Amino acid sequence: MYISILRTLILYIIIIVVLRVMGKRQIGQLQPFELVVVLMIAELATIPSQDIGVPLMSGLLPVLVLLVAGLCTSQLTMKSHRIRNIVSGLPALVIHKGVVLEKTVKQQGYTLSDLFEQLRAKDVFFIGDIEHAVLETNGELSIVLKSAKRSATPEDHNLSPKDGEIPLALIMDGQIQKQNLRRLGLETNWLKKNLKSHGIERIEDVFIACSDMDKNLFVQIKEK
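A quick note: this is a predicted structure, and the numbers were derived from the prediction, not measured.

1. Focus: the overall build of the protein
Thought 1: Looking only at helices and strands, one finds eight helices and eight strands in the protein.
Thought 2: The buried share among the 224 residues of the protein stands at 30%.
Thought 3: Sequence-distant contacts in the protein: of pairs separated by 6 or more residues, those separated by 24 or more amount to 50%.
Thought 4: Total accessible area on the protein stands at roughly 14,800 Å², and carbon and sulfur atoms take up 59% of it.

Encoded structure:
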């Protein structure tokens, strides 16, 4: 019995170390591949703790393999947008100007019950109040309310501001997002010209650049 308790404590400590190495994100913030790693590690760790006939190292080896696989996948997703899109998927616009995009919702395997539950969790109860809602790759719902429905609402002052738009990333980690450029009706030359006005000559030096529909550009360069 004492051996079983000791093995369980050793595994417990090792699993904590493994999860700390993977990062501090909560379960609800994990990407799909990270969640798979966590679930498999939890399953594999129970085998040597329950069966003392299984050598401890035989139980730890798959856990370490999963850790290395998870870290390698994480590095690859940071280096390559294509791999990140394959492994983690893409955010999906599920509400646009107060209208639920039915086709997109069905494609995501996302039920209306799921949608309303997440809206209520964010204190939003009327879909018509929403300008945009995006289903993130980790399952979280990001919401942009219509201008008149935001905190300190302009409607209280009889104002009619322009409805907000989601800023689009034009450069991510040194790579131009051509699809977003086209959505804003912009060209690469416009982007390069505006980068030069910020004192930036090379696109590869840009960590992130975003623009809204009014062509207001936000730029952050990579850390040296």
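2. Description of the confidence of the model for the protein
Thought 1: In the predicted model, the protein carries a mean pLDDT of 80, and 87% of its residues have values of at least 70.
Thought 2: Per-element confidence in the protein is highest for strand β3 (residues 130–135), whose mean pLDDT is 92, and lowest for helix α1 (residues 2–22), whose mean pLDDT is 73.

3. A few points about the sheet that holds strand β4 (residues 141–145)
Thought 1: Taken together, four strands build an open sheet; the order of strands is β2-β1-β3-β4 and the sheet is antiparallel. Lying at the two open borders of the sheet, with one neighbouring strand each, are β2 (99–100) and β4.
Thought 2: With two bridges joining them, strand β1 (residues 92–96) and β2 adopt antiparallel strand pairing. Bridged to His 96 within β2 is Val 99.

4. Examining helix α6 (residues 112–121)
Thought 1: Turning to α6, its buried residues number three or more, namely Leu 115, Gln 118 and Leu 119. The arc enclosing the buried residues of α6, seen along the axis, measures out at 105 degrees, which places them on a common side. Projecting away from the buried face of α6 at angles above 90 degrees are the exposed residues Ser 113, Glu 117 and Ala 121.
Thought 2: Considering only its buried residues, α6 is in contact with β1, β2, β3 and β4.
Thought 3: Where α6 terminates, the next one or two residues include Asp 123, which has phi positive at roughly 60 degrees.

5. What about the pairing of strand β8 (residues 217–221)?
Thought 1: Pairing of strand β7 (residues 206–211) with β8, which is carried by five bridges, proceeds in the antiparallel orientation. By the bridge assignment, Val 206 is partnered in β8 with Ile 221.
Thought 2: Hairpin connection of β7 to β8: five residues between the antiparallel strands, including Lys 215 at a positive phi of 65 degrees.

Reading the values: rules and limits
Residues numbered from 1 in each chain as written. Predicted model: local features only at pLDDT ≥ 70, side-chain atom pairs only at ≥ 80, totals over all residues. Heavy atoms only, no water. Helix = DSSP H or I, 4+ residues; strand = E, 2+ residues; numbered from the N terminus. Buried < 20%, exposed > 50% of the residue type's maximum accessible area, 1.4 Å probe, protein only. Contact = heavy atoms within 4.5 Å. Areas by Shrake-Rupley, 256 points an atom, 1.4 Å probe, with all protein chains shown as cover. pLDDT = per-residue confidence, 0-100. Pairing = 2+ DSSP bridges. Arc of directions from axis to C-beta.

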